[in-house]
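Observations on the three-dimensional arrangement
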Amino acid sequence: MSGGASGGARPRIGGNKRGMRIGGGLTSALSSVTAILAGLMVGFLILIISNPRQAAVGLGIIAAGGFTGGMKGVGQVLYYATPLILTGLSVGFAFKTGLFNIGAPGQLIVGAFAGIWVATNFTWIPQPVLWPVALTAAMLAGALWGAIPGLFKALLNVHEVIACIMCNYIGMHGVNYLIKNTNTYDSLKNQSIDVAQAAIPKMGLDKIFYTLKGRYVDASSVNGGIIIALVIALLIYTLLNKTVLGYELKACGYNRNASRYAGIKEKRSIFLSLIIAGALAGIGGGLMYLAPVGGLHINVVETLSAQGFNGIPVALLGLSNPIGIIFSGLFVAYISQGGYYLQRLDYMPEIIDIIIAVIIYFSAFALLVRDFIMSAVQRRDAKLLDADREAGER
Amino acid sequence: MLREVTALDRVPESIPEVMPEFVIEMLHITKDFPGIRANDDVTLQLRRGEIHALLGENGAGKSTLMSVLFGLYRPDGGRILKNGKPVNIANPNDATAMGIGMVHQHFKLVHNFTVLENIALGVETTRAGVLRMDKAREQVVALSRQYGLSIDPDARISDVTVGMQQRVEILKMLYRDSEVLIFDEPTAVLTPQEIGELLRIMKNLTAEGKSILFITHKLNEIKQVAERCTVLRKGRCVGTVAVADTSREELSEMMVGRKVELVLTKQRAHPSEEAALRVERLSVRGRHQGKPLVNDVSFTVRRGEIVCVAGIDGNGQRELVYALTGLIAPDSGRVYLGGRDITRASVRERNKAGIAHIPEDRHLHGLVLDYTLAENLILKGYYRHPFQRRGFLRFGPIRWHAERLMRDFDVRAGQGVLTRARSLSGGNQQKAIIAREMGEEPDVLIAVQPTRGLDVGAIEYIHKRLLAARDCGKAVLLISLELDEALNVSDRILVIYEGGIVADLDAEGATAQELGLYMAGSRKKAAV
C-alpha cells in the first residue's frame, strides 16, 4: 500500500503530473507549434523522396520561408497573408458559431470581382475614395454569397456545406463569365485588367519592405491591405468576445437548443453568421486583387481560389481565434513564400506545391487530432470534477 | 447506532478449493486528482451473490471508485482482490476479462444497430471473416430467458424504450460472462414501472449467482434490494452497514453528514383567486398527424400554489411544456398569462412577460456547457440592462450578478463564476439553472423534473426553494414523474395520461395508490 493511503489530515495534492492546468493560450500555441513541426517533418520526407541530395538545403529554405528574400520577402509574406487572414477569419468565425463555411473560395472571388468591377467602372469617383468604395462592394458581394447558404440553412435546413460548395462553383464560373463579358477583361493575358486607380494605398509599407539590388529598388507587393486585415481581425475578436451579438452567435454555435430555449432567434443567428463570414471572405478578395500594378489578377481559369480554401487550415491552425488566425495566416504565407524560393533548387514546381500543401494541410490535420486529444483529456478532467465537486467545497 | 459489519483487517485466506466469501475486495483505495483527493482510504468488499449498494452524494467519489475497479483510473494507493487474489486492472479490457461488467448511467449503445448487434458488438461470432449471428442470437435469447430480461433482438436501439436499452446493456455484460455487475445510477433514467422491473431483474441476477454493485442515491431502492450498503462522503468511507438494520433517516444522515428532512414539512398554500397561468383546451399534434400528443388540456395555476402535472414519462408532458414556453406552437387552444393571451408569443416575449422554465434536460436546453457559469447565468437576460450597453457586454455587472446568484442559491464551482458549466457537478448545474430562472423573479415558474438525478441534500434544497417561491406568491407548475415528489411538494395534482388530464386532485387527500391508478389510465375523473 502506498503512503498516500495513510489516514490522518487530508493533504491538498499539489504535484500534478498530468499537467493539464497550463494556461489555455499557451496550450493552444504549443499544440499549433507541434502541428507545424509535424507538417515540416512530412514535407521533409517528400523532399527526400523526390531529390535526396538537396533535401536538407530544401528544408532549410522552406523553414527560412519569407526571410530568404530579405525585406522584400517579408513584404511578400505580408501581401500573401492578407487574403489568408481574411478567409481564415471567415472560416474561423463561422466555426465559432457552429457552422462550417467551406464557401470562402466563392465568396472571395465574387467579392474580388465586385471590387474590380466597381474600380474599373466608377472611375469618376475621386481616387482616395474609390478604393474604399470598391472594397465595400467586395464586402457586400461576399456577404451576399454567404447569405445564400445562410438562407437555405435557416429556412430549409439545407446543410451549409452543400450550399457553400454549390455557391463556390456558381461563383467561380459566374465570375469567369462576367470578366470575359465586361470591360474588366484583359484578353491578352486571359485575366482581369489592372486596377491601378483603385489600388489600396501602400500606407508607407513600400518604404520598409524592399530589397536593394545595386541601385535597383526591388519593392515587394505589400500594401495597406495587411493593416486593414489586422484591424478587421481585432474587430472580429471584439465582436465575438465583447458584444451581445457575439454572445448570441456563439451560444447558437455551442448549443442550438439552449439558445432556442433562451429565446435567441437561431435562424437569424445562422443567417447573420454566414453573412458576416461571407463579408470577411469578400473583403479578402477585395484586398487581394485591388492591388497596385504588379499585384495579383483574377485568372480566368476553372479553379477554385486556393486562398479561399486555405482559409480552412488557417482557421484550424489558429484555433478559430481571430488573434491566432493572424499568426496562422502569416505562417501559411511564410511557408508558401519559402516554397517559392525552393525553385532555386532542383525541384519541380509541382513537387513544391505538393510539399507546401502537405505542410499546410498536415499542420491543420495534426492540429485536429491534437485538439481532439486535448478535448478528450479535458472531458476526462471535467468528469473528474464532476465526480468530485469538492473543488468548491473543501 | 450503526453497526459496522466490515472487517477491515480481515486477511483473506487463499484456500484454493473453497471460494472466498468476497468476490471483489477494494482495500484502502486512494485516488488523487489535481487539488482533490477523490477517494481517501476507501474499503469496499463485495460478497458473492449480494447486492451491495454504494451510496453517496453527487461528487462523493462513487464514480471514481467504480472507475478504479473498472480499470479507467489507476489508484494511487490500496489494492484490489478478486476471489481473494490481488489483481491488476489496467484498463476496461482487463476488467471485462476478469468478469467485471458495468452498466453506465448514459448507455453506450449504437443507435442504428439492432439489439442483437449491440450485444455482440466487439465479440462477434464469425466464420471465415463473415458475420454469423445465429449462434450469438441463440445465446442472447437463452440469456434473456434465464434472467427474465425481455428484449426484441431485431429491434433497432433507436426504436426501443429506455428500459429496454438498459436491459440490452445488462445483456451485454451477461453475454461477456460478467459475474460482477456494476450498475451506475441505473434508475435515474427510468419510469417508476421500469424501476420496479429493474430491481426485480437485479434480484434475479443475484439469485443466479451474480454479484452486484449498485451505485445510487435513492434510499428507497437501496431498502428494496440491497443487503449491505457502503456510504461515501467527500471521498471517504463513512461505513458499511446492513441495510435491514438501518433506517432511511440513518442512511441519509451518513450520506449527507447532517439530518435531512425526507418528508417536507410545509404550510398549507394560500393561493390567491387570481389565475397566473390559464390554459384553455390546448392541443398539440405530433408531426405525423396521429393522435394528439396533448389532447384538449385545460387548467389554471393560481398565484401562491404549486400545481403538479404527474404522469408516466411520454404522456405528453414534454409537448405541454414546450407549448407553454413557446418552443412549439400548439395546434389549437389558448394560453393566458395573467389575463394576457400569449398563445402566439415568442419564447423571448414569454420570458419578458414573466414565465421562467426549468427544463427537463439541463444539457440539451438548460445550459450552454462551453460557456462559463457567469455567461450561463445571463442566458435569458444578456440583452437587458445592466448586462449590456450599446451592444457591448458589461463584464462587471455580469460578474456581480453571477456572484450574487451563486451565493444566494449555493452554487459551488471550482473556479467561481468563470467555471465552465461542463465541469460542474450535476447538482450544481441544476442549481445554476434554478438560480437563473428564479433569480428573474418570475410570475410563473414551470419546473420540469427539477430534481432528476440529484441526491437527497440537493432535492431537499430545491423543494424548499419551490415552496419559498410559492409562499412569495408565485405560481409554480411542477412536472414530475415521481409520485413522492408529486405528493410531497405540490398543493394540487393534475394527472396526465395519453395527452389528456384525467384527474385534478387535492394533494392533501391523495394517495400514491390512487395516483398510480390514474397514471396508468385505469381510472378517470373529469378534470375540474
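Residues numbered from 1 in each chain as written. Chains lettered and ligands numbered in written order. Predicted model: local features only at pLDDT ≥ 70, side-chain atom pairs only at ≥ 80, totals over all residues. Heavy atoms only, no water.

**Concerning the overall build of chain A**
Within chain A one finds 14 helices and four strands. The proportion of buried residues among the 394 residues of chain A is 51%. Pairs at least 24 apart in sequence give 77% of the contacts found in chain A among residues at least 6 apart. Looking at chain A as shown, the accessible area adds up to about 17300 Å², and 67% of this sits on carbon and sulfur atoms. (Helix = DSSP H or I, 4+ residues; strand = E, 2+ residues; numbered from the N terminus. Buried < 20%, exposed > 50% of the residue type's maximum accessible area, 1.4 Å probe, protein only. Contact = heavy atoms within 4.5 Å. Areas by Shrake-Rupley, 256 points an atom, 1.4 Å probe, with all protein chains shown as cover.)

**Structural notes on the overall build of chain B**
The helix and strand tally for chain B stands at 17 helices and 24 strands. Taking 24 Å as the expected radius of gyration for a compact globule of 528 residues, we find that chain B reaches 25 Å, a close match to that expectation. Projected onto its principal axes, the C-alpha coordinates of chain B cover approximately 80 × 50 × 50 Å. Across the 528 residues that make up chain B, the buried fraction comes to 56%. Put simply, of all contacts in chain B between residues at least 6 apart along the chain, 67% involve residues at least 24 apart. Put simply, chain B shows about 21900 Å² of open surface, and 49% of that area lies on carbon and sulfur atoms. Side-chain charges of chain B comprise 72 positive and 68 negative groups, with the mean position of each set lying 4 Å from the other. (Rg over C-alpha atoms; globule rule 2.2 N^0.38 Å. Lys, Arg positive; Asp, Glu negative; His and termini not counted. Charge placed at Lys NZ, Arg CZ, Asp CG, Glu CD.)

**Some details on a nonpolar patch on the surface**
All names here are of chain A. Taken together, Ile162, Ile165, Met166, Tyr169 and Ile170 make up a surface patch of nonpolar side chains, about 470 Å² in accessible area. With respect to the helices and strands, isoleucine 162 occurs in helix H6 (residues 160-180). Residue classification places isoleucine 162 among the partly exposed residues on the basis of a relative accessible area of 49%. (Patch = residues over 30% accessible without salt bridge, like charges linked within 9 Å, V, L, I, M, F, W, Y side chains within 5 Å. Salt bridge = Lys/Arg side-chain N within 4 Å of Asp/Glu carboxyl O.)

**Thoughts on the sheet that holds strand S24 (residues 500-506) of chain B**
All names here are of chain B. The strand order across the open sheet built from six strands is S18-S21-S22-S15-S23-S24, with neighbouring strands paired in mixed fashion. Looking at the sheet topology across the chains shown, the edges are occupied by strand S18 (355-358) and S24. Put simply, the sheet's adjacent strands are angled 20° from each other on average, direction ignored. As defined by bridge partners, strand S15 (residues 305-310) adjoins strand S22 (residues 475-480) across six bridges and the pair is classed as parallel. Along S22, the bridge assignment pairs isoleucine 306 with valine 476. Contacts between helix H9 (residues 317-325) and the sheet are confined to S15, S18, strand S21 (444-448), S22 and strand S23 (492-497), with S21 contributing the most and set at about 150° to the helix. (Pairing = 2+ DSSP bridges. Axes fitted to C-alpha atoms, helices over the stretch in contact; angles between N-to-C directions.)

**Concerning the pairing of strand S6 (residues 100-103) of chain B**
Within a regular strand, side chains alternate between the sheet's two faces. Residues and elements named next belong to chain B. A two-sided burial pattern is seen for S6, the buried positions comprising Ile100 and Met102 on one face and Gly101 and Val103 on the other. As paired elements, S6 and strand S9 (residues 180-184) share four bridges and run parallel to each other. Among the inter-strand pairings, valine 103 is bridged to a residue of S9, identified as phenylalanine 183.

**Quick notes on helix H11 (residues 306-317) of chain A**
Along an α-helix, residues three or four positions apart point the same way, because every turn accommodates 3.6 residues. Residue and element names in this part refer to chain A. Over its twelve residues, H11 extends 16 Å from the first C-alpha to the last, a length consistent with the 16 Å expected when each residue adds 1.5 Å. Residues Gly308, Asn310, Gly311, Ile312, Pro313, Val314, Ala315, Leu316 and Leu317 constitute the buried set of H11. Its side-chain oxygen at 3.3 Å from the backbone nitrogen of glutamine 307, serine 305 defines the N-terminal cap of H11. At the exit of H11 stands leucine 319, carrying a positive phi of roughly 55°. (Expected span 1.5 Å × (residues − 1). Polar contact = N/O pair within 3.5 Å; in protein donor to acceptor, adjacent residues only side chain to side chain.)

**A few points about helix H4 (residues 104-121) of chain A**
Under the 1.5 Å per step criterion, the end-to-end length of H4 of chain A is 25 Å for 18 residues, consistent within 8% with the ideal 26 Å. The buried fraction of H4 of chain A amounts to 16 of the 18 residues, a majority that puts the element mostly inside the structure.

**As for the packing of helix H14 (residues 426-439) of chain B against helix H15 (residues 456-471) of chain B**
All names here are of chain B. Put simply, H14 and H15 touch, their axes get as near as 11 Å, and they point 10° apart. As far as their axial angle goes, H15 and H14 are roughly parallel. Contact with H14, carried on its side by Gln430, Lys431, Ile434 and Met438, involves Tyr461, Ile462, Arg465 and Ala469 of H15 and no other residues of that element. Taken together, the residues of the contact of H14 with H15 break down into five nonpolar, one polar and two charged. (Parallel < 35°, antiparallel > 145°, perpendicular 65-115°, else oblique. Nonpolar A, V, L, I, M, F, W, Y, C, P; charged D, E, K, R; others polar.)

**Structural notes on the sheet that holds strand S14 (residues 292-302) of chain B**
The strand order across the open sheet built from four strands is S14-S13-S16-S17 (chain B), with neighbouring strands paired in antiparallel fashion. Both outer strands of the open sheet, S14 and strand S17 (340-341) of chain B, are each paired with one neighbouring strand and no more.

**Quick look at the packing of aromatic side chains**
Scanning the entire structure with this criterion turns up ten aromatic pairs over all chains. The interplanar angle of 15° and the centroid separation of 5.3 Å between the aromatic rings of phenylalanine 95 of chain A and phenylalanine 100 of chain A together place this pair among those described as stacked. A relative accessible area of 28% places phenylalanine 95 of chain A in the partly exposed class. Residue classification places phenylalanine 100 of chain A among the partly exposed residues on the basis of a relative accessible area of 26%. On the numbers, 5.5 Å between centres and 70° between planes, the contact of tyrosine 340 of chain A with tyrosine 341 of chain A is edge-to-face. Note on tyrosine 341 of chain A: relative accessible area 10%, which makes it buried. When the ring centre of tyrosine 383 of chain B is taken as reference, the NZ or CZ atom of arginine 384 of chain B above it lies at 5.9 Å. The aromatic ring of phenylalanine 409 of chain B is capped on one face by arginine 465 of chain B, whose charged end is 3.9 Å from the ring centroid. (Phe/Tyr/Trp six-rings, centres within 6.5 Å; stacked < 30°, edge-to-face > 60°. Lys NZ or Arg CZ within 6 Å of the ring centre and 35° of its normal.)

**Topic: the side chain of arginine 350 of chain B**
All names here are of chain B. Tracing the backbone shows arginine 350 in helix H10 (residues 347-353). Among buried charged residues, arginine 350 stands out as having no salt bridge; its nearest opposite-charge side chain is glutamate 349, 6.8 Å away. From its side chain, arginine 350 meets the backbone oxygen of threonine 343 in a polar contact 3.0 Å long. Setting aside its immediate chain neighbours within four residues, arginine 350 contacts Ala323, Leu324, Thr325, Gly326, Ile342, Thr343, Arg344, Ala345 and Ile355.

**Overview of the packing of H4 of chain A against H11 of chain A**
Helices that pack against each other are described as a pair by the angle of their axes relative to one another and the distance between those axes. Residues and elements named next belong to chain A. Where H4 meets H11, the closest approach of the two axes is 7 Å, and the angle between their N-to-C directions is 140°. Taken together, H4 and H11 sit at an angle that is classed as oblique. In this structure, H4 meets H11 at a crossing whose hand is right-handed. Residue-level inspection shows Ala104, Pro105 and Leu108 of H4 in contact with H11, the latter providing Gln307, Gly308 and Phe309. Its residues assigned to classes, the contact of H4 with H11 shows four nonpolar, two polar and no charged. (Left-handed = near helix turned anticlockwise from the far one by under 90°.)

**Topic: unusual backbone geometry**
Residues and elements named next belong to chain B. Geometrically, the link from histidine 385 to proline 386 is a cis peptide bond, its omega value of 0° lying close to zero. Phi angles above zero are rare outside glycine, and arginine 390 is one such case at about 50°. Secondary-structure assignment places arginine 390 in the loop between strand S19 (388-389) and strand S20 (392-393). We classify arginine 390 as exposed; its relative accessible area is 75%. Even without being glycine, glutamine 449 reaches a positive phi, approximately 40°.

**As for the state of the cysteines**
Within the structure shown, the criterion is met by zero disulfides over all chains. No disulfide involves cysteine 229 of chain B; its sulfur sits 9.8 Å from that of cysteine 237 of chain B, the nearest cysteine. (Disulfide = S-S within 2.5 Å.)

**Comments concerning the pattern of salt bridges**
Residues and elements named next belong to chain B. Taken as a whole, this structure holds 35 salt bridges over all chains when the rule is applied. Across the pair arginine 200 and glutamate 197 runs a salt bridge, and its minimum N-O distance is 2.9 Å. In this pair, arginine 200 and glutamate 197 are both assigned in helix H6 (residues 192-207), three residues apart and thus about one turn of the helix distant. By sharing partners, the salt bridges in this structure join Asp32, Arg37, Asp40 and Arg236 into a single network.

**Some thoughts on the confidence of the model for chain B**
When pLDDT is low, close inspection of the predicted coordinates is not appropriate. Residues and elements named next belong to chain B. On average, residues of chain B score 85 in pLDDT, and 93% of them reach the 70 mark or higher. Note that pLDDT drops below 50 for residues 1-16; the model gives that stretch 24 contacts with residues more than four away or on any other chain. Our summary of model confidence lists the complex with pTM equal to 0.75 and ipTM equal to 0.76. (pLDDT = per-residue confidence, 0-100.)

**Some words on the pairing of S22 of chain B**
Residues and elements named next belong to chain B. Counting buried residues along S22, six of its six residues qualify, which places the element largely inside the surrounding structure. A two-sided burial pattern is seen for S22, the buried positions comprising Ala475, Leu477 and Ile479 on one face and Val476, Leu478 and Ser480 on the other. Of the crossover connections in this fold, the one passing from S21 over H15 to the parallel S22 is right-handed. (Right-handed = clockwise from strand over helix to strand, strands pointing away.)

**Describing the nonpolar core**
Formed by 77 residues in total, the largest nonpolar core has its most connected members in Leu89, Ile236 and Leu342 of chain A. Setting aside its immediate chain neighbours within four residues, leucine 342 of chain A contacts Leu47, Gly58, Ile61, Ile62, Tyr347, Ile352 and Ile355 of chain A. Judged by nonpolar contacts, the second largest core, of 64 residues, contains Tyr261 of chain A together with Leu373, Met406 and Leu467 of chain B. (Core = buried A, V, L, I, M, F, W, Y, C linked by side-chain atoms within 4.5 Å.)

**Points about the confidence of the model for chain A**
Residue and element names in this part refer to chain A. Here chain A averages 82 in pLDDT, while 84% of its residues score no lower than 70. Helix H14 (residues 390-393) is the least confidently modelled element of chain A, averaging 42 in pLDDT, while helix H7 (residues 225-242) averages 95, the highest of any element. Below a pLDDT of 50 lies the segment residues 1-23, which in the model reaches 38 contacts outside its immediate sequence neighbourhood of four places, other chains included. Here residues 389-394 is a poorly scored stretch, pLDDT under 50, and it has 22 contacts once near neighbours within four places are set aside; other chains count.

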